[in-house]
Amino acid sequence: MSEQLGESVPRPVTRPRRLRTTQGLRSLVAETRLAPEQLVLPMFVREGLSDPRPIASMPGVVQHTRDSLLKAAHEAAELGLGGVMLFGIPEDKDAVGSGAIDPSGILNLAITDVVAEVGDALTVMSDLCLDEFTDHGHCGVLTPDGRVDNDRTLEAYAEMALAQAHAGVDMVGPSGMMDGQVAAIRGALDGAGHTDVAILAYSAKYASAFFGPFREAVDSSLQGDRRTYQQDPANAREGVREALLDVAEGADIVMVKPALGYLDVVRRVRDAVDVPVAAYNVSGEYAAIEAAAENGWIDRERAVLEVLTSIRRAGADVVLTYWAAEAARLLRA
């Protein structure tokens with residue numbers, strides 16, 4: 001560069017780069033914090049397994065036995081995670097998902113197991129939906145012509161909530177997107193004296209292509225699709241409306257699912273409600289990052305933390321993610 005040109009180029013007065021000079025400075029002024037206690041680990045437990053079974057489309061994730069689930073829950077507590085979300089996979093399914101209500105069903109047994117293992121060190125959450133337990137794979141009871149019967153399903157959800165509360169759960173996660181599900185569950189819990197059992201409502205759950213690997217994880221029997229009850233991906237205002245309805249019905253936390261394709265919805269919901277907001281970093285999002293990293297296209301560990309930070313930055317107070325345990329280790333490194 002010529003001396004004359006150098007003198008003619010104005011020097012900046014404001015230099016934002018000063019605060020990026022060192023890792024210490026970058027950490028000091030970071031606007032968004034990611035901590036283990038903000039993360040929830042979803043876990044699958046399958047009835048009848050003798051050893052954990054890997055899920056091919058979700059590298060590093062398994063269907064647990066009851067014993068391996070306890071080890072994973074203990075590790076989650078030691079890592080300081082905020083909670084675990086339990087999903088049960090029964091050996092037998094039927095049209096009404098009766099295994100979800102059976103006190104001896106795999107999910108209810110797993111709840112009792114994990115609560116006994118971790119006590120108050122970890123929030124034990126459970127999925128409250130019929131899809132893993134029905135032979136048709138839908139989230140509710142069907143009418144004779146094959147439609148999901150919203151109001152009959154509410155009755156089943158109320159019974160499922162009581163079964164999970166009796167098993168000792170701290171928080172139930174109604175995920176079926178039935179109209180009125182939070183009110184039905186809150187009424188059932190309170191009526192039976194389970195006033196301390198909290199509700200994490202899947203308020204804005206979209207009919208997403210990114211749920212694909214999850215269906216392998218739970219051995220889904222789904223016939224058709226869920227577009228008549230899960231939300232249209234084109235709609236953001238509707239997600240806010242659903243969250244506000246759930247808060248009015250008694251939800252303690254509201255959730256947006258998926259996360260990465262719906263960060264705008266996370267922000268809108270965060271701005272609209274006065275309860276904590278969760279977001280679910282779903283199976284397809286997890287699998288996409290894992291596949292890209294396996295091919296050497298991205299730096300895996302940096303990508304994991306960047307994804308989770310972006311969800312927090314959008315406004316989520318709580319993030320459900322299959323990377324929860326690994327992220328906790330990375331954050332403590």
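Here's a quick rundown of the structure.

Parameters at a glance
Within any chain, residue numbers begin from 1 and follow the written order of that chain's sequence. Owing to the predicted nature of the model, reporting of local features is limited to residues with pLDDT of at least 70; listing and counting of side-chain atom pairs is limited to 80 or more, with chain, interface and lining totals taken over all residues. Here the side-chain values reflect all heavy atoms present in the structure, with hydrogen atoms and water set aside. For helices the rule is a DSSP run of H or I covering at least 4 residues; for strands it is a run of E covering at least 2, with both sets numbered from the N terminus onward. Just to be clear, the radius of gyration here is over C-alpha atoms, and the globule rule we use is 2.2 Å times residues to the power 0.38. To sort residues, take the accessible area from a 1.4 Å probe on protein chains only and compare it with the maximum for the residue type: under 20% means buried, over 50% means exposed, and anything in between is partly exposed. In this description, contact between two residues means that some pair of their heavy atoms is separated by no more than 4.5 Å. Values of accessible area rely on a 1.4 Å probe in the Shrake-Rupley scheme; residue burial ignores everything except the protein chains shown. In summary, the charge assignment counts Lys and Arg as positive and Asp and Glu as negative, without counting His or the chain termini. For charged residues, the charge sits on one atom: NZ in Lys, CZ in Arg, CG in Asp, CD in Glu. Aromatic rings from Phe, Tyr and Trp, with only the six-membered ring used for Trp, were paired whenever their centres fell within 6.5 Å, and each pair was classed as stacked if the ring planes differed by under 30 degrees, edge-to-face if by over 60, and tilted otherwise. By definition here, charges over rings are those cases where NZ of Lys or CZ of Arg is within 6 Å of the ring centre and within 35 degrees of the ring normal. Exposure above 30% relative accessible area and the absence of a salt bridge qualify a residue for a patch, where like charges join within 9 Å and nonpolar side chains (Val, Leu, Ile, Met, Phe, Trp, Tyr) within 5 Å. What counts as a salt bridge is simple: a side-chain nitrogen of Lys or Arg found within 4 Å of a carboxyl oxygen of Asp or Glu. When two cysteine sulfur atoms lie within 2.5 Å, the pair is treated as a disulfide. We place a 1 Å grid over just the protein atoms. Points where a 1.4 Å probe fits but has no way out form a cavity, open points with protein on both sides within 12 Å along at least 5 of 7 lines form a pocket, and any residue with an atom within 4 Å of a point lines it. Grid points are joined across faces, edges and corners, and a volume is the space filled by probe spheres set on the points. In the scheme used here, Gly and all other residues not listed as nonpolar or charged are polar, with Ala, Val, Leu, Ile, Met, Phe, Trp, Tyr, Cys and Pro taken as nonpolar and Asp, Glu, Lys and Arg as charged. Working rule for helices: expected span equals 1.5 Å times residues minus one. This arc corresponds to the set of directions leading from the helix axis out to the C-beta atoms. Under the rule applied, a polar contact is a pair of N or O atoms within 3.5 Å (in protein, one hydrogen donor and one hydrogen acceptor; residues adjacent in sequence only if both atoms are side-chain atoms).

Moving on, we get to the overall build of the protein. Counting secondary structure elements, the protein contains 12 helices and 10 strands. Over its C-alpha trace the protein gives a radius of gyration of 22 Å, about what one expects of a compact globule, namely 20 Å for 333 residues. For the protein, the proportion of its 333 residues judged to be buried stands at 52%. Restricting to contacts in the protein with at least 6 residues of sequence separation, those with at least 24 account for 75%. Accessible area for the protein stands at about 15,400 Å²; split by element, carbon and sulfur atoms hold 50% of it. Charge separation in the protein, taken as the distance between the mean sites of 31 positive and 49 negative side-chain charges, equals 10 Å.

Here we take up unusual backbone geometry. Note that the residue after Lys257, namely Pro258, is joined by a cis bond; omega there is 0 degrees. Among the secondary structure elements, Pro258 is positioned in the loop between strand E8 (253-257) and helix H9 (263-272). Even without being a glycine, Met177 presents a positive backbone phi close to 60 degrees. Looking at the secondary structure, you find Met177 in the loop between strand E6 (171-174) and helix H6 (181-191). We classify Met177 as buried; its relative accessible area is 6%.

This part takes up the packing of aromatic side chains. Following the criterion strictly, the structure yields 9 aromatic pairs and no others. Pairing Phe44 with Tyr322 gives two aromatic rings, centres 6.1 Å apart and planes at 15 degrees, and the pair type is stacked. A residue pair is termed long-range when its members are at least 10 positions apart, and Phe44 in strand E1 (residues 39-46) and Tyr322 in the loop between strand E10 (318-321) and helix H12 (324-332) qualify at 278 residues. With respect to class, Phe44 is no different from Tyr322; both count as buried. Their ring planes at 20 degrees and their centres at 4.3 Å tell us that Tyr206 and Tyr262 sit as a pair that is stacked. Taken together, the residues span a long stretch of sequence, with Tyr206 in the loop between strand E7 (198-205) and helix H7 (212-217) and Tyr262 in the loop between E8 and H9 at a distance of 56 residues. Directly above the ring of Phe211 sits Lys205, whose terminal nitrogen or CZ lies 5.9 Å from the centroid.

Glancing now at a positive patch on the surface. On the surface, Arg11, Arg15, Arg17, Arg18 and Arg20 cluster together into a positively charged patch. Along the chain, Arg18 falls in the loop between helix H1 (3-8) and helix H2 (23-28). For Arg18, a relative accessible area of 49% translates into the label partly exposed.

Going through the model one piece at a time under the given rule, you end up with 0 disulfides. Here Cys129 stays unpaired: no disulfide links it, and the sulfur of Cys139, its closest cysteine neighbor, is 3.4 Å away.

Throughout the structure, instances matching the rule amount to 1 cavity of 30 Å³ or more. Every residue lining the largest cavity is counted, 16 residues in all, and those nearest its centre are Asp131, Lys205, Phe211, Phe214 and Lys257. Tallied by class, the residues present in the lining of the largest cavity amount to 7 nonpolar, 3 polar and 6 charged.

To continue, consider the pattern of salt bridges. Under the defined criterion, the tally for this structure stands at 10 salt bridges. Where Arg66 meets Asp113, a salt bridge forms, and the shortest distance between an N and an O atom there is 2.8 Å. Linking Arg66 in helix H3 (residues 66-78) with Asp113 in helix H4 (residues 106-118), this pair joins segments that are 47 residues apart in sequence. Arg66 sits in the partly exposed class, given a relative accessible area of 35%. We note a salt bridge from Asp317 to Arg270, for which the minimum N-O separation is 2.5 Å. Of this pair, Asp317 sits in the loop between helix H11 (300-314) and E10 while Arg270 sits in helix H9, and the two are 47 residues apart along the sequence.

With that settled, consider helix H10 (residues 283-294). Taking 1.5 Å per residue, 12 residues should reach 16 Å; H10 reaches 16 Å between its end C-alpha atoms and fits that length. For H10, the set of buried residues is Ser283, Gly284, Glu285, Tyr286, Ala287, Ile289, Glu290, Ala292 and Ala293.

The next thing to look at is H9. Among all positions of H9, only Val265, Val266, Val269 and Arg270 are buried. Buried positions in H9, seen along its axis, are confined to an arc of 135 degrees and lie on one side of it. Those residues of H9 that are buried lie in contact with E7, helix H8 (237-249), E8, strand E9 (277-281) and H11.

With that settled, the discussion passes to the side chain of Ser126. For Ser126, the position within the fold is in strand E5 (residues 123-128). Residue class for Ser126 comes out buried when judged on its relative accessible area of 0%. Among the polar contacts listed, one links the side chain of Ser126 to the side chain of Gln164, at a separation of 2.6 Å. Residue contacts for Ser126: discarding those within four places in its chain leaves Met85, Leu86, Ile111, Gln164, Val169, Met171, Val172 and Gly173.

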